[in-house]
Amino acid sequence: MSLLPTATSTDVQELQPSVAVLPVGSFEQHGKYLPLITDTAIACIIAQEIAAVYPVHFLPPITVSCSHEHAAFPGTVSISARTLYAMIDDIRASLARSGIHKLVIVNGHGGNYVLSNVVQEANVDGPAVSLFPLGPDWDRAREYSGLESDRHADMHAGEIETSILLHSAPELVREGYDDADHHSGQRPFLLVQGMGAYTESGVIGFPSLATPAKGKAVLASLTDSFALHFAALGEQP
């Protein structure tokens, strides 16, 4: 599948979107069976589902972000929070010059904490930027799709991420997810000690529970939930 938007300039001119959707992923380890681009792929998949329903300008993804907690695992690459902030600030300025003044950041990596500050600061003078999906959006998707794990226990390369890829990009999923479950318990010093202190495999979650049907249902729920974010920006779903 293609993870990049394929619209032409004419397509955008005809659509005349007032909201852009920016996937933000990462380039970090996801165990032995999911690729380093997992978060980018999932952010793009969610954004594609949104763009198929809502009149938004689907942007190409930011593919490297703040994955410092995964630094102990080979292949992981990070940029600073300052750089990620600046990239989004520049993208917003460019969009504004073309008449698009509202942005939804579709975040595929939980470690991009700076995105909350980006959104917080951007909305001082009125609704302009939303961060999606939020915790409640993920929780609704888990309940709707019948996932057996919860958001804390299924943190990384687990049931929900594997399910989404099994549905939308099964070619990215390698063998081994069915026996890779790992329960880490509490992780009080994750930001101090990194992921390696809580998992040797890089997995925290239950990928053995993943199915394509669950992934399809998760995406359907998230697409519905996006309407609330669209409305919060003052747009009509």
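Residues numbered from 1 in each chain as written. Predicted model: local features only at pLDDT ≥ 70, side-chain atom pairs only at ≥ 80, totals over all residues. Heavy atoms only, no water.

Concerning the nonpolar core
Residues Ile46, Ile50 and Phe226 are the most contacted members of the largest nonpolar core, which totals 39 residues. Every element with two or more residues in this core is listed here: β1 (19-24), α2 (38-51), β2 (56-58), β3 (102-107), α5 (135-145), α6 (159-168) and α8 (212-232). Counting residues per element, this core draws most heavily on α2, at eight residues. Each residue touching isoleucine 50, except ones within four places of it in the same chain, is listed here: Val21, Val56, Val106, Phe132 and Phe226. (Core = buried A, V, L, I, M, F, W, Y, C linked by side-chain atoms within 4.5 Å. Buried < 20%, exposed > 50% of the residue type's maximum accessible area, 1.4 Å probe, protein only. Helix = DSSP H or I, 4+ residues; strand = E, 2+ residues; numbered from the N terminus. Contact = heavy atoms within 4.5 Å.)

Some points on the sheet that holds β3
With parallel pairing, four strands are arranged side by side in an open sheet as β2-β1-β3-β4. Looking at which strands have only one partner, the edges of the open sheet turn out to be β2 and β4 (129-132). This sheet shows a mean twist of 25 degrees between the axes of neighbouring strands, independent of strand direction. Pairing between β3 and β4: four bridges, direction parallel. When the sheet's bridge partners are listed, valine 104 is paired in β4 with serine 130. (Pairing = 2+ DSSP bridges. Axes fitted to C-alpha atoms, helices over the stretch in contact; angles between N-to-C directions.)

Re the pattern of salt bridges
Considering all chains together, one arrives at six salt bridges under this definition. Residue arginine 151 is joined to aspartate 139 by a salt bridge in which the shortest nitrogen-to-oxygen separation is 2.9 Å. Taken together, the residues span a long stretch of sequence, with arginine 151 in the loop between α5 and α6 and aspartate 139 in helix α5 at a distance of 12 residues. Put simply, glutamate 148 and lysine 214 hold a salt bridge, and the shortest N to O gap is 3.6 Å. With glutamate 148 in the loop between α5 and α6 and lysine 214 in helix α8, this residue pair connects regions lying 66 residues apart in the sequence. Under the relative-accessibility criterion, lysine 214 is labelled buried at 10%. A cluster of three or more residues bridged by salt bridges with shared partners is formed by Glu148, Glu159 and Lys214. (Salt bridge = Lys/Arg side-chain N within 4 Å of Asp/Glu carboxyl O.)

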